[in-house]
Structure formats: C-alpha cells, structure tokens
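# Structure assessment
For reference, the chains in residue letters:
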Amino acid sequence: MKQLIAAFFVFYLSISLAGAQNFEKNLQTYANNFNEERIYLHYDKSSYAPGETIWFKLYMMQTIYPADDSKTVYIDWTDQNGKLLLHSLSPVQDGTSFGQFEIPENYKGKYLHVKAYTKWMLNFDSSFLYNKDLRILSDSIYSHTKNIIKPEMVFFPEGGNFVAGVNNKIAFKANDQYGRPVKIKGEIKNERGAVIDQLKVIHDGMGFFYILPKEGEKFTAFWQDENGGQHQTELPAVKNSGVSLQVAVAGTKRNFLVTVSPESVAKIKAVHILGTEYQQPVFNITKEVKSGLVGGVIPIQNLPTGILTITIFDIDWKPLAERITFINNGEYEFYPTMTVKHWGLNRRARDEIQIEVPDSLYANLSVAVTDAAIDEDTSSNIISHLLLTGELKGKINDPAYYFMNNSDSVMQQLDLVMLTNGWRRVNWQKLVAGEFPQIKYQRDTSYLSISGRIYGATPTQLELAGHITLMVNKKNSGTQVFLVPVKPDGSFTDPSLILFDTARIYYQLGKNNGLSDVSVQFLTNKQPPFTENPEASGIYFNHNADSAGYNYHLHLNDEMEKEIKFYKAKVLENVTIKGKSKSPVEELDKRYTSGLFSGGDAREFDLLTDHFASTSLNIFQYLQGKVAGLQISMSPMGDATLSYRGGTPQMFLDENPVDATVLSSLPVNDIAYVKVFPPPFMGATGGGSGGGIAIYTRKGGDEKEEPGKGLSNNTVSGYTLIRQFYSPDYDSFNEETEKKDLRTTLYWNPSVITSPGKNKVILKFFNNDITQSFRVIIEGMTKDGRLAHVEQMME
C-alpha cells in the first residue's frame, strides 16, 4: 500500500545504480498487489469440556491496517487426528468477525485444532495461515505415562551464509518436538577435535557464538540435554565465497555490517541494501564495497512496529544475504481502561464494568469474563500474534513475553528469535525477473449472497434467458421469491440477500427458451475446506499451561456433569400422569405405529401441527437440539452424522430400516410424525444400543402442499449461523432451583464498539454460585490499526 510508504519516510544514502528502476517497479507492484493477510482469534477462555461452546472473535490485518478487502473467512475445526468436524464461514467487516463452535459431547481428544484463512491467503505459503490447538478438559492430559522428549538443535548463520574467511555469527535454538525450549550445554569442535567455542543458552534454548572458518573446514556440536542425553549435530557447510550480514540492536538504530569473503572481493564492488516491512519497501541503499566491508546505521524511530527485513543484493540485484530484526516503537498500541461500577462477588450477584477508550478512536473490542481460578494461556495475544508470530514460520515460545516491556534486555532476547527463524517470504530471484506469485484463488471481495451459474445452455439461450426465478426456503424465515437477472455467461447474483445458515432454493427458468433441462449450481465461489497437512502435530498446543488452574477447571466441569445428571433424574421423579384422555400426539401414535414402535418412552414430534417444521431443510435439521443426548452434525453438503449417548441410532422410514442419505432428501412437509427412541431400542437390529429414529410419512388426509414442490432445487449453505452468548439475568427472574450455576465463562461480548463521543460502554453480567474472583480480558483493534490487550482481575 502506497499509504504505508507515505506514512514513513524513505531514505537513500546514495543513488541507485543502472537497472534499479525495473526492480523498484517490480517491488512496488508486488507491494501494492500481493499484500498478505494475517488472522488472530480471541477465545472466551483457553480450555473447554466436550459439549461446551467455543466463542471467538476474529481480527484480521493487512500491512498495518485492518484488512477490508476479503469479505469471507473460513475456519476449519478438526480433531487432533485431522478429521474435519466443521468447515465454518464468517463474514468480515472492518477486519473483524465472530462466531462459535459447539464441541461434540462425545469428543475424546486432548485438544482441538483451529485453522483460519481467507481464499487470498491460500495463494501464499500455508505456514502463515492461522493455526491453534485448544485444550480439551480430560483426566488423560496429565496421565502418568511418561512423555518421551525428543530434543533437537538447529544452527542459523546470521544473514543465511556460513562463509570462509569471515568472522561469522552463528545462532542456535534447542527445542523438543513440540517447539518448547530445551536447556542444553556443550561445545563446538572442528574435524580435528579441537574445541572452538562453548554452547551457552542465553534465553529459551537460544544462544549464539562467533566462528572464523577456513575453506572446507567442518564443525560439529557435542551437547547434552537437561536429562543427560548426549547428542551430536553438524553445523551448516562452510561456503567458499559469499557475504556475511550482521545487524546489531542499538536502541532507536540498527547498525549493520556487510563483510565480503576474500574469494568474492574482486567480484562484488557494490551492494544494494533493501529494507522492507510487511512487504512494503521502506529504504533502498546502494553502497560501494571498500576493503571487503560495508557498514552503516539505519534509523528506525519513524518506522512502524513489526519485522524489518534487510536484504543484501549485488549490483545486478542478485540476493546475497538477508536478516530480520524487530522494530518496537510502541505506536501500535491503544489503552482501554476498565472501571468496576458495581461489585457482585456473592452468589448470582450483579456486576457492572465500564470500558472506556480514548475519545478520538473508533475501536472494535471483544470482552471475556471468566472465573479467575481456572487455567489461563498467557503465551499469546492479539499483539504478539498480529505483529510477531503471524509473520514467522514455526512456533515461537511464549511470544507475548516480548511485549511485556521494551527494555534493552528483552529486545536482545527478541533478536535471538529473529536470528533463529528462517524467514524467506519473498522469492527475490523471481521478483527481479518480473515474475509474481500465481494467483489461484481470487479474493472474496463481496459477501456470500444468492448467486450461481447455469450450466448446459448455449450462449443464445443464456442471452434470451432474461431472469431466473428463485424460491428461497430458510429456517425460521419462511419462503421468499426473487427474480434475478441472468448474465450472458450464465451467472446470476442478488447481493441484497446475504445467506446465513442453510436454505433450500427452488429455481425455474423460462421453458419457452429451451432451458428446462439445464442445471444450476449455487455459490460456485465458496472455498471448500483446506486439506493440506490434515493431521495436527500438537506444535500449536501450549504444553506449559497452568496445571493448578487446569485441575480446578476440570473439577468444576466434573461437578457440572454430576449436576446435570442429578437435575435430569429429579425432573423424571416429578413426572405424574394426570389424565387418561389421548393427546393429539397419542392419536398420531395410534394411527401410524405398530408393534415395538408403538408406545414406549420415545420423544415424539407432531409435524402436522408444527407450523415451523417446513422451514427446516430436512428432518435432521429439524431434530437438532430437540432431544437431549442426540448429537446431529450437518456437513456443508447437507449430510448428517448422528450420535446418541455414545452410539449410532438406527433409522426407519415407515418402520423400514433406511440410511441417513434417504432421510436427508425426504422433504419435511412429507413427514407427519417422528419418534426418537432412547437406547436400548428393541425394534432395532442387535438390540438398538444407539437407540432409534422412526420417521412416518403423511397418510391420506394429512397431505400438505409444499411451496415450490415439483421444481428443481438445491440445498445451499451460506455463512455459519451466529448465536448470541447466553448470560442469565438474575435481576429479571428469581431462579431458586436446586440446579447449580457453575459457568466458568461469566460473560462474553465479541462486539463492543466505541467511537468519538461514545467512548464509554457499560457491560452487565451475573456471578455464578461459586466464583470468588473474575478475570477480565479485553482485546481489540482501532480503525487505524492500533491494537489492545488488557487483563484485569476483579477480586
């Protein structure tokens, strides 16, 4: 973006040599047209129990501003083995979105993996997609099985080259298979066994040493891990020629030194030194090489906070060395303040907090209030991810630590992170040649609305088509009819209807144009799940989480499960029969069922009198959430997966066994009566350990005309439906029941908006039955790209 270059100065220490104009033109084209997006998700808490809902707020940036080009973000929720649980879609507005994911009640994994991306992000290195492993509450996570740690060590010559005849700075990083730092000690020896230097860890398994190699010399590290294991690791091969780049952190400056190897002094007479941030050029220097050395000072006080990439080129723009360094000028942050207006730490007491943002800012915030005693993951936040880890490959241990303060010691430790992370995002050879990234996925520049394409028609037929009639049947909103113009290429769109959840769309084209036999596909631009590297490795899982808070959280969840079971049993005890006259449902049971299907303790549904039944796309969507213990998952294609108390229910149509695909395609308006039998159901094969679901189609006299019946139709899924977080209002009702309130997330609000003149917001929530103190976490972003992370305790 050109605004970035205008906002921060571009300085030149000398005039570029011949050929620079073409490269600078390519560089500017790349900067303007191939900006990559970064995503971060704020969750209501850091660990969850099976059956709980994960609430999230998504923030997206491009360069230093909220990303506003892509309008749709895709989130793949998978288990720890890579099996897709849900492919959700969310609309993006002003660089933000929010939603939720319901964890299956029978989920057995130790963690759940989240991958978030836009279609645009898929054009670039998949290492920069958002990835996160969320902890699932389980006794097995702290099992007594000994976890075998596999330490490894990697060496990184500064600038990328280990050059003969030059004093090289070599950084190292020691970590285990999960990316956690490992404490080591050891020494570097040459091939003759002579000790060259000691390996000394400076911070989080990282350190560095200097070495002056001769041509063809080889080196090996002999080291011992914290458990006494002995290891050997070879250093990278020594190059006979090349350049070394060293960068030193010095407050508001970066000192650099380029050293040309003796073998290359005669060939390299001058070098270009290019600085880029967020793929935007911020300085371009051409300097003459004298006595094999080039040095200088880069002032950084006017640059934006982020990773500055310094790349060295020869006179023909061939890349020779590269180094990244982190700039922290503090301008990225804004500071919301929280004031408690009403304290309520007693049982079910009311609490009120006021969030205030500086009056000149437009801010978009998310606020989570949890029990302060449960576990917390402090290793990452919106600032550390969008400014640091979102720009690097691999895992950075505890990235939030580097933003606790801006002291010299922390900046030196952060520079070790820069030294030990391979980061070649730009293919400079291709860029010099004018070759740009291949764009396979175009941006979603508009929201998911009713759109599609007609197939099987000739150009003449399409030209004469005029319009397509669409009858959209959506759950809870009835049926709407639209006349949508058809373009000459067969495409059509109605941007006025943003599509949430799932709808059945009936369509009709003019038969007099010979279009009765064509096919129609809807939402042809929707991106399917991203399947690269489907199996999670656990590297995005925080293995260093608070064990005391985790155990307390696990205990609360156990108590909640016991409470739910007790409450259900209590409800059953109070059920009494007050009359013998048959209800309408009993009349239906008498008319439609026979044998083992009649009577019993099944949940029954009368679809003849349920006026909202026709808004469901199929019977599985109708049953979702209506039967305790029955879990129904719907794929984007409309396929259903069912689980009932740990088993799979057998399905029947008019008391004949069928599979789920048959029932998925059965119109709901053809169904009169449904019975859901809890396990065991003796009418099913093998005793029915998973229960049974019996569907009965309408008999004579019960038929009902369906809107659009007889027309071609498709089931179309749009954005994932967004639910509202439930927080009980104990001021409006007195719930003095035996059922305990054991919520661990007391409050979640993903859309707290402030603006000049309206910079204060009051939020109200209620305590549960046991929490004695609260943890409030506020994260957010302003319209000009400033970020906030605030954590405050109420106790």
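Everything in this summary refers to the structure shown in the same document. Please read these numbers as outputs of a predicted model, since none were measured by experiment.

On to the overall build of the protein, then. On a plain count of helices and strands, the protein comes out with ten helices and 44 strands. Going through the 795 residues of the protein one by one, you find that 53% of them count as buried. Sequence-distant contacts in the protein: of pairs separated by 6 or more residues, those separated by 24 or more amount to 71%. Counting only carbon and sulfur atoms, one obtains 50% of the accessible surface of the protein, whose full area is about 36400 Å².

If you walk across this open sheet you meet the three strands as β30-β27-β32, and the pairing is antiparallel. A single partner strand is all that each edge strand has here, and the edge strands are β30 (491–498) and β32 (519–522). Recorded for the sheet is a direction-independent mean angle of 25° between the axes of neighbouring strands. Across five bridges, the pairing between strand β27 (residues 449–455) and β30 is antiparallel. Within the sheet, the bridge partner assigned to Arg453 lies in β30 and is Ser491.

For the structure shown, the criterion picks out 33 aromatic pairs. Centre to centre, the rings of Phe492 and Phe522 are 5.8 Å apart; their planes meet at 80°, and the pair counts as edge-to-face. In this pair, Phe492 sits in strand β30 while Phe522 sits in strand β32, placing the two residues 30 residues apart along the sequence. Among the residues examined, Phe522 registers a relative accessible area of 11% and is labelled buried. An aromatic cluster of at least three residues, connected via ring pairs, comprises Phe23, Phe313, Trp317 and Trp428. Positioned above the aromatic ring of Tyr622 is the side chain of Lys626, whose terminal nitrogen or guanidinium carbon lies 4.4 Å from the ring centre.

Next up on the list: the sheet that holds strand β9 (residues 130–136). Reading across from one edge, β2-β9-β8-β5-β6 is the order of the five strands in this open sheet, with mixed pairing throughout. Unpaired on one side and paired on the other, β2 (47–48) and β6 (84–91) mark the two borders of the sheet. Examined bridge by bridge, strand β5 (residues 72–78) and β6 share seven bridges and lie antiparallel to one another. Counterpart to Tyr74 in the pairing with β6 is Leu89.

Below, the discussion takes up the environment of Pro488. Among the structural elements, Pro488 can be located in the loop between β29 (478–485) and β30. For Pro488, a relative accessible area of 66% gives the class exposed. Pro488 sits 29 residues away from Pro459 along the chain, and the two C-alpha atoms are 6.9 Å apart.

Moving on, we get to the pairing of strand β12 (residues 184–190). On β12, burial follows the alternation: Ile184, Gly186, Ile188 and Asn190 on one face are buried, whereas Lys185, Glu187 and Lys189 on the facing-out side are not. Note: β12 against strand β15 (residues 219–225), seven bridges, orientation antiparallel. Following the sheet pairing, Lys185 is matched in β15 by Gln224. Across four bridges, β12 lies against strand β13 (residues 195–199) in antiparallel orientation.

This next bit is on the pairing of strand β19 (residues 270–277). In terms of burial, β19 is largely enclosed, as eight of its eight residues are buried. Of the two faces of β19, both are covered, the one formed by Ala270, His272, Leu274 and Thr276 as well as the one formed by Val271, Ile273, Gly275 and Glu277. Here β19 pairs with strand β20 (residues 280–288) via eight bridges, running antiparallel. Residue pairing across strands places Gly275 opposite Phe283, the latter belonging to β20. Hairpin connection from β19 to β20: two residues lie between these consecutive antiparallel strands, with Tyr278 at a positive phi of about 50°.

What follows is about helix α8 (residues 584–592). What α8 keeps buried is the set Leu588, Asp589 and Tyr592. Looking straight down α8, one finds its buried side chains confined to an arc of 100°; they lie on one side. Looking at the packing, one finds that the buried side of α8 touches β33 (603–606), β38 (671–677) and β39 (692–697).

Its twelve residues give helix α4 (residues 408–419) an end-to-end C-alpha distance of 16 Å, which sits within 8% of 16 Å, the value for a rise of 1.5 Å per residue. Here α4 lies mainly inside the structure; nine of its twelve residues are buried. Residues Val410, Met411, Gln413, Leu414, Asp415, Leu416, Val417, Met418 and Leu419 constitute the buried set of α4.

In this structure, Ser70 sits in the loop between β4 (65–66) and β5. With relative accessibility at 1%, the residue Ser70 sits in the buried group. Polar contacts involving the side chain of Ser70 include one to the side chain of Glu37, which spans 2.8 Å.

The next subject is the environment of Ile54. For Ile54, the location among the structural elements is in strand β3 (residues 53–62). What makes Ile54 buried here is its relative accessible area of 0%. Ignoring anything within four residues of it in the chain, the contact list for Ile54 reads Tyr43, Asp44, Tyr48, Trp77, Gly99, Gln100, Phe101, Ile103, Leu112 and Leu134.

Definitions and cut-offs
- Every chain is numbered independently, its residues counted from 1 as its sequence is written.
- Where totals are concerned, whole chains, interfaces and linings use all residues; where local detail is concerned, this predicted model gives features only for residues with pLDDT of at least 70, and gives and counts side-chain atom pairs only at 80 or more.
- As a convention, hydrogens and water are excluded, and side-chain values are obtained from all of the structure's heavy atoms.
- Starting at the N terminus, helices and strands are each numbered in turn, a helix being any DSSP run of H or I of at least four residues and a strand any DSSP run of E of at least two.
- The rule is simple: take the accessible area with a 1.4 Å probe, protein chains only, and divide by the maximum for that residue type; under 20% is buried, over 50% is exposed, in between is partly exposed.
- Any two residues having at least one pair of non-hydrogen atoms within 4.5 Å are treated as being in contact.
- Using the Shrake-Rupley algorithm and a 1.4 Å probe, accessible areas are obtained, with residue cover drawn only from the displayed protein chains.
- Strands are labelled as partners when DSSP assigns at least two bridges between them.
- Axis angles are defined between N-to-C directions and span 0 to 180 degrees, where every axis is a line fitted to C-alpha atoms and, for a helix, only to the segment in contact.
- Stacked, tilted and edge-to-face pairs are distinguished by plane angle, under 30 degrees for stacked and over 60 for edge-to-face with tilted covering the rest, among Phe, Tyr and Trp rings (Trp via its six-membered ring) whose centres lie within 6.5 Å.
- Here, a charge over a ring is recorded when the distance from Lys NZ or Arg CZ to the ring centre is within 6 Å and its angle to the ring normal is within 35 degrees.
- What the arc describes is the spread of directions from the helix axis to the C-beta atoms.
- An expected span of 1.5 Å times one less than the residue number is assigned to each helix.
- Polar contact is defined as a pair of N or O atoms within 3.5 Å, subject to the rule that within protein one atom must be able to donate a hydrogen and the other to accept it, and that residues adjacent in sequence are counted only when both atoms are side-chain atoms.

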